[in-house]
Amino acid sequence: MKELPVLYKRKEECCGCTACYSICPKAAISMVEDGEGFEYPQIDESKCICCYQCLKVCPFKIEKEA
Ligand code: SF4
Ligand code: SF4
């Protein structure tokens, strides 16, 4: 079994751009509002097929690899 992708560990690592949400072919990601009104992606384990497209499209991960 592949591991579920980790989109962010700390909120600073996510700007809520929704790119991951948009690209997910299984609609496994939903944007969930935190107490301060910012939206963060949440992965539904039962839908995720671990294709990691969400990680590939995330501007924060791209920055780190460059
Ligand atoms: S790994 Fe693939 S299926 Fe899972 S949340 Fe990311 S884009 Fe969606
Ligand atoms: S693509 Fe990255 S920065 Fe954008 S909402 Fe998803 S995890 Fe956050």
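Residues numbered from 1 in each chain as written. Chains lettered and ligands numbered in written order. Predicted model: local features only at pLDDT ≥ 70, side-chain atom pairs only at ≥ 80, totals over all residues. Heavy atoms only, no water.

**Description of unusual backbone geometry**
Short version of the rule: Relative accessibility under 20% of the residue-type maximum defines a buried residue, over 50% an exposed one, and the middle range a partly exposed one, all with a 1.4 Å probe and only protein chains included. Helix numbering and strand numbering both begin at the N terminus, where a helix is a DSSP run of H or I of at least 4 residues and a strand a DSSP run of E of at least 2.
Phi is positive for Ala27, which is not a glycine, with a value near 50°. Classification of Ala27 by relative accessible area gives exposed; the value is 52%. The phi torsion at Cys50 lies on the positive side, around 55°, for a residue other than glycine. Within the secondary structure, Cys50 sits in the loop between strand S2 (39-43) and helix H2 (53-57).

**So, the pattern of salt bridges**
Applied cut-off: Salt bridges are defined as contacts in which a side-chain nitrogen from Lys or Arg sits within 4 Å of a carboxyl oxygen from Asp or Glu.
Using the criterion set out here, one finds three salt bridges in the structure. For Glu12, the salt bridge goes to Arg10, with nearest N and O atoms at 3.7 Å. Looking at Glu12, the relative accessible area reads 57%, which means it is exposed. Judged by its relative accessible area of 49%, Arg10 falls in the partly exposed class.

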